[in-house]
Amino acid sequence: QVQLVESGGGLVQPGGSLRLSCAASGSMFSIRVMGWYRQAPGKPRELVATITTGGSTNYRDSVKGRFTISRDNAKNTVYLQMNRLNPEDTAVYYCNAITSQAQMYWGQGTQVTVSS
């Protein structure tokens, strides 16, 4: 089992920045990929960024150059630094972990609202 707890969401003006954190606990040795997804009202959940245990990253096109995913293995924490936010980034952001057995775990989500 893997437990994920997100933090760092909130209200920010267009052009502003936020950093999301995802603290993982449990069967850490089994995790192969961690990532961030988001879901806006009335829309399907979509991939934002992923990072492997080896440090390889992947981003959706609309956030490339603005968002950065990183991990601190000593703290079992994954971060999502979000810069130059715009209203289209408004969504609930979910942390995700995939294990070597292809099991998928989700956090409870954190709201990000970009509005003036």
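Now for a quick tour of the structure. (Residues numbered from 1 in each chain as written. Predicted model: local features only at pLDDT ≥ 70, side-chain atom pairs only at ≥ 80, totals over all residues. Heavy atoms only, no water.)

Here we take up the pattern of salt bridges. Taken as a whole and judged by the stated rule, the model has five salt bridges. In this structure, the salt-bridge partner of Arg 60 is Glu 46, at a minimum N-O distance of 3.5 Å. Taken together, the residues Arg 60 in the loop between strand E6 (57-59) and strand E7 (67-72) and Glu 46 in strand E5 (residues 46-52) connect sequence positions 14 residues apart. Taking the relative accessible area as the measure of exposure, Arg 60 reaches 26% and is therefore partly exposed. (Salt bridge = Lys/Arg side-chain N within 4 Å of Asp/Glu carboxyl O. Helix = DSSP H or I, 4+ residues; strand = E, 2+ residues; numbered from the N terminus. Buried < 20%, exposed > 50% of the residue type's maximum accessible area, 1.4 Å probe, protein only.)

So, on to the sheet that holds E7. One open sheet holds the four strands; their spatial order is E1-E3-E8-E7, and the pairing between them is antiparallel. Each end of this open sheet is capped by a strand with a single partner; those strands are strand E1 (2-7) and E7. Direction aside, neighbouring strands of the sheet carry axes that sit 15 degrees apart on average. Where E1 and strand E3 (residues 18-26) come together, six bridges link them in antiparallel fashion. Considered in E3, the bridge of Leu 4 is made with Ala 24. (Pairing = 2+ DSSP bridges. Axes fitted to C-alpha atoms, helices over the stretch in contact; angles between N-to-C directions.)

This part takes up the pairing of strand E11 (residues 110-114). Along E11, the buried face is formed by Thr 110, Val 112 and Val 114; none of Gln 111 and Thr 113, which line the opposite face, is buried. In terms of strand pairing, strand E2 (residues 10-12) meets E11 through three bridges, oriented parallel. Residue pairing across strands places Val 12 opposite Val 114, the latter belonging to E11. Relative to E11, strand E9 (residues 91-99) is paired through three bridges, and the arrangement is antiparallel. Counterpart to Tyr 93 in the pairing with E11 is Thr 110.

Attention now goes to the packing of aromatic side chains. Counted according to the given criterion, the structure contains two aromatic pairs. With a centroid separation of 5.0 Å and an interplanar angle of 70 degrees, the aromatic rings of Tyr 37 and Trp 106 are classed as edge-to-face. Of the two residues, Tyr 37 is situated in strand E4 (residues 31-39) and Trp 106 in strand E10 (residues 104-106); the sequence distance between them amounts to 69 residues. Under the relative-accessibility criterion, Tyr 37 is labelled buried at 18%. Judged by its relative accessible area of 34%, Trp 106 is partly exposed. Pairing Tyr 94 with Trp 106 gives two aromatic rings, centres 6.4 Å apart and planes at 90 degrees, and the pair type is edge-to-face. Pair noted here: Tyr 94 is in strand E9 and Trp 106 is in strand E10, with a separation of twelve residues, a long-range link. (Phe/Tyr/Trp six-rings, centres within 6.5 Å; stacked < 30°, edge-to-face > 60°.)

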